[in-house]
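# Report on the structure
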Amino acid sequence: MGLLEEGIPTGVLTGQNVVKLFEYARKHKFAIPAINCTSSSTVNAVLEAARDIKAPIIIQVSQGGAAYFSGKGLSNGNQEASILGAVAAAHHVRTVAKAYGVPVVMHSDHCAHKLLPWFDGMLAADEAYFKEHGEPLFSSHMLDLSEEPKEENIATCAKYFERMAPLGIWLEMEIGITGGEEDGVDNTGVDNASLYTQPEDIYEVYQALSKIGPGFSIAAAFGNVHGVYKPGNVKLRPEILGNHQKHVSEKIKAEGKQDEKPLFLVFHGGSGSTKEEIQTAVDHGVVKMNVDTDTQFAYMAGIRDFMEKKKDYLKTQVGNPEGDDKPNKKFYDPRVWVREGEKTLTQRVKEACKDLGNVDRL
C-alpha cells in the first residue's frame, strides 16, 4: 500500500500525519529529501519534482533563506525579516501544495541558540494559525543547540517540545556537531570527536523527548560536514546510526517496550556522500536527508547555461543575430530564464529522491 492508501493526505501535513509519514518511511526503508528553498520559484520546482515521481517531499527554510524570501531590503536586526519570510513561505506552500497532489512537510532548518527569536516568531505564528484552523502553520521545526552543553541542549529542546507537541508540530533536534559552514554558522574548526555522537547521548535525548510525545527526530552526527566534497574526503560512519538504534532498543526493552528501530534519524551534511553511505544510513532509520548545496548549484546551472547560450540575445532590448530590429523580450523575460533554473533544480530533486528510494511512494 502507498501513502495515500494509508490515509496520509496530500498538501501540508501536521500532527499524526507527519508521524505516520515518517513511520512509513522507516518501515519501508526510504528517506525523504528536505530541500532548502529561498523563493516561490524554488518551492514550485521542488513540488513539481515530487509530483512527477509520485513522492512525498520536505520543503525547508533556513534563517537566511527565510530572510531572503521576505526580501533582502528588509531589516533583520531582531529576526523580523526571517520570521516574516518563513511565514510567507509556509503560506505559499500551503496555498499551492495540494494542487501538486503530494504530501508535503513544511519545515524550518537549523536554529542555533542565537537565532531563538526567529524560532519564537515562527512558533507564535503556529499558535495563531492553530487557533483559527485547528492545526499549526508549519509541520515541523528544527532546534540546533549542538554547540551548547549537552544538558542545556536537551533541556531547551524538551521545553520547546512541551509547547509544540499539543499543537501537532514535529521537533527535529541535533546532538553532536555537523562540520563545515552553512548560513553563517561556522563549524569548520570543531574538534573531530564532536562529529560523532555517542549512543548514551542519543538515549538521553530519547528519554527526555519520548515522555512528551512521539513526534521528534534526532540529527545525530556521524562525521557529517556541510558543503560539497569529493566522495572519500569526508569520513562518514553511517554504521554508527545502527549502534544508536540498538542501544536505545535495548534500553527500552528493559522497560518492557519492544522496538528494534525506536529512533527517527536525520542525515545532515550529505553533499558528496556515496550512494552506499546513503543507503547504509537509510537502512539504520534515517527518514530525512537535507539537500541544499547540490540543489543550489543545480538551480544556478540552468540559468547559467541559458545565459551562455543566448548571450547575443541578452545584450540589448532590440537587436540580435537574427536582425538589428529583432526584439529580445522573449529571452530576457525572467519567466524564461528563471524557468531554466527551475527545470535543472527539478531534475536534481528527482535524483535526490531516487538516491533515497523515495519514488512511486503514493
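Residues numbered from 1 in each chain as written. Predicted model: local features only at pLDDT ≥ 70, side-chain atom pairs only at ≥ 80, totals over all residues. Heavy atoms only, no water.

## Describing helix H3 (residues 63-70)
Structural remark: α-helix, 3.6 residues per turn; residues separated by three or four positions point the same way. Our working definition: Per-residue accessibility, obtained with a 1.4 Å probe over protein chains only, is compared with the maximum for each type, and a residue is labelled buried under 20%, exposed over 50%, and partly exposed between these values. Secondary structure follows DSSP: runs of H or I at least 4 residues long count as helices, runs of E at least 2 residues long count as strands, and numbering of each begins at the N terminus. In this description, contact between two residues means that some pair of their heavy atoms is separated by no more than 4.5 Å.
Within the sequence span of H3, burial applies to Gln-63, Gly-65, Ala-66, Ala-67 and Phe-69. Close packing links the buried residues of H3 with helix H2 (40-53), strand E3 (57-61), helix H4 (80-100) and helix H5 (116-133). Phi turns positive one or two residues past the end of H3, at Gly-71, with a value near 120°.

## Some points on the environment of Pro-56
Topologically, Pro-56 is positioned in the loop between H2 and E3. On a C-alpha basis, the gap between Pro-56 and Pro-238 in space is 24 Å, while along the polypeptide they are 182 residues apart.

## A few points about the environment of Arg-51
Mapped onto the elements, Arg-51 comes out in helix H2. A relative accessible area of 39% means that Arg-51 is categorised as partly exposed. For the pair Arg-51 and Val-102, spaced 51 residues apart in sequence, the C-alpha separation works out to 6.1 Å. Dropping the residues within four chain positions of it, Arg-51 is found in contact with Tyr-100 and Val-102.

## Quick look at the pairing of strand E9 (residues 216-220)
The side chains of a regular strand alternate between the sheet's two faces. What counts, and what does not: One bridge is not enough; two strands pair if DSSP finds at least two bridges between them.
With respect to burial, E9 is a largely interior element, five of its five residues being buried. Sheet topology places strand E6 (residues 170-175) next to E9; five bridges connect them, and they run parallel. Looking across to E9, one finds that Ile-175 is bridged to Ala-220.

## Focus on the nonpolar core
Spelled out, the test is: To define a nonpolar core, start from buried Ala, Val, Leu, Ile, Met, Phe, Trp, Tyr and Cys residues and group those joined through side-chain atoms within 4.5 Å.
One finds Ile-57, Ile-59, Met-106, Leu-209 and Ile-218 to be the most contacted residues of the largest nonpolar core, which totals 84 residues. Ranked by residues supplied to this core, first place goes to H4 with eight residues. Those residues in contact with Met-106, other than ones at most four positions away along the chain, are Val-12, Ile-59, Val-61, Ala-89, Ala-90, Val-93, Phe-138, Ser-139 and Ser-140. The next biggest cluster of nonpolar side chains, apart from the first, holds 17 residues, and it includes Val-19, Phe-30, Ile-32 and Val-105.

## Quick notes on the packing of aromatic side chains
The condition that has to hold: Think of it this way: a Phe, Tyr or Trp ring, Trp meaning its six-membered ring, pairs with another when their centres are within 6.5 Å, and the plane angle makes it stacked under 30 degrees, edge-to-face over 60, tilted otherwise.
Applying the stated criterion across every chain, the model contains eight aromatic pairs. Summarising the aromatic geometry, the rings of Tyr-24 and Phe-30 are spaced 6.0 Å apart at their centres and angled 70° between planes, so their arrangement reads as edge-to-face. Of the residues examined, Tyr-24 reaches a relative accessible area of 8% and is grouped as buried. Considering the side-chain rings of Trp-170 and Phe-264, the 5.3 Å spacing of their centres and the 75° angle between planes classify their relative orientation as edge-to-face. Of this pair, Trp-170 sits in strand E6 while Phe-264 is found in the loop between helix H8 (239-253) and strand E10 (265-267), placing the two residues 94 residues apart along the sequence.

## Let's talk about the pattern of salt bridges
This is how it is decided: Any carboxyl oxygen of Asp or Glu that lies within 4 Å of a side-chain nitrogen of Lys or Arg is treated as forming a salt bridge with it.
Evaluated as defined, the whole model comprises 17 salt bridges. Among the salt bridges present, the one from Asp-294 reaches Arg-348, with a minimum N-O distance of 2.9 Å. Here the residue Asp-294 occupies a position in helix H10 (residues 293-309), and Arg-348 occupies one in helix H12 (residues 334-355), the gap between them amounting to 54 residues. Summarising the burial analysis for this pair, Asp-294 and Arg-348 share the class buried. The partner of Glu-340 in a salt bridge is Lys-343, and the shortest N-O contact between them spans 3.2 Å. Of this pair, Glu-340 and Lys-343 both sit in helix H12, separated by three residues, roughly a single helical turn. On the basis of relative accessibility, which here comes to 23%, the residue Glu-340 falls in the partly exposed class.

## Brief notes about the confidence of the model for the protein chain
Rules: Values of pLDDT, the confidence the predictor places in each residue, fall between 0 and 100.
Here the protein chain averages 92 in pLDDT, while 91% of its residues score no lower than 70. Taken as a whole, residues 184-191 scores under 50 in pLDDT and shows 14 contacts with residues more than four places along the chain or in a different chain. Confidence drops under a pLDDT of 50 for residues 227-233, and excluding neighbours within four residues, the segment shows 11 contacts in the predicted structure.

## A few points about the packing of H5 against helix H6 (residues 150-164)
We count it as follows: In this analysis, axes come from line fits to C-alpha atoms, helices being fitted only over the stretch in contact, and the angle between any two N-to-C directions falls in the range 0 to 180 degrees. Roughly parallel means an angle under 35 degrees; roughly antiparallel means over 145; roughly perpendicular covers 65 to 115; every other angle is labelled oblique. We call a crossing left-handed when the near helix sits turned anticlockwise from the far one by less than a right angle, and right-handed when that turn is clockwise. Residue polarity follows a fixed list, in which Ala, Val, Leu, Ile, Met, Phe, Trp, Tyr, Cys and Pro are nonpolar, Asp, Glu, Lys and Arg are charged, and the others, Gly among them, are polar.
Two elements in contact, H5 and H6, have axes separated by 11 Å at closest approach and are oriented at 15°. On the basis of the axis angle, H5 is roughly parallel to H6. Considering the relative orientation of H5 and H6, their crossing is left-handed. Every residue of H6 that contacts H5 at Leu-116, Phe-119, Asp-120, Leu-123, Ala-124 and Glu-127 is listed here: Tyr-160, Arg-163 and Met-164. When grouped by side-chain class, the residues that make up the contact of H5 with H6 number six nonpolar, no polar and three charged.

## Quick word on the layout of surface pockets
Selection criterion: Lining residues are those with an atom within 4 Å of a point, where the points come from a 1 Å grid over the protein atoms alone and group into cavities, where a 1.4 Å probe fits but cannot get out, or pockets, open sets with protein on both sides within 12 Å along at least five of seven lines. Grid points are joined across faces, edges and corners, and a volume is the space filled by probe spheres set on the points.
The volume enclosed by the largest pocket comes to roughly 190 Å³. Along its surface, the largest pocket is lined by 15 residues, and Gly-270, Ile-278, Asp-294, Arg-348 and Asp-355 are the ones closest to its centre. If you list the elements that add at least two residues to the lining of the largest pocket, you get helix H9 (275-283), strand E11 (286-291) and H12. Of the residues forming the lining of the largest pocket, the biggest block, four residues, is contributed by H12. Broken down by class, the residue content of the lining of the largest pocket amounts to five nonpolar, five polar and five charged.

## Remarks on the packing of H2 against H12
Two elements in contact, H2 and H12, have axes separated by 8 Å at closest approach and are oriented at 45°. As judged from the angle between their axes, H2 and H12 are oblique. For the pair H2 and H12, the crossing hand works out as right-handed. Along the contact surface, H2 presents Ser-41, Thr-42, Ala-45, Val-46, Glu-48, Ala-49, Asp-52 and Ile-53, while H12 presents Val-338, Arg-339, Glu-342, Leu-345, Thr-346, Val-349, Lys-350 and Cys-353. Of the residues in the contact of H2 with H12, the class split is eight nonpolar, three polar and five charged.

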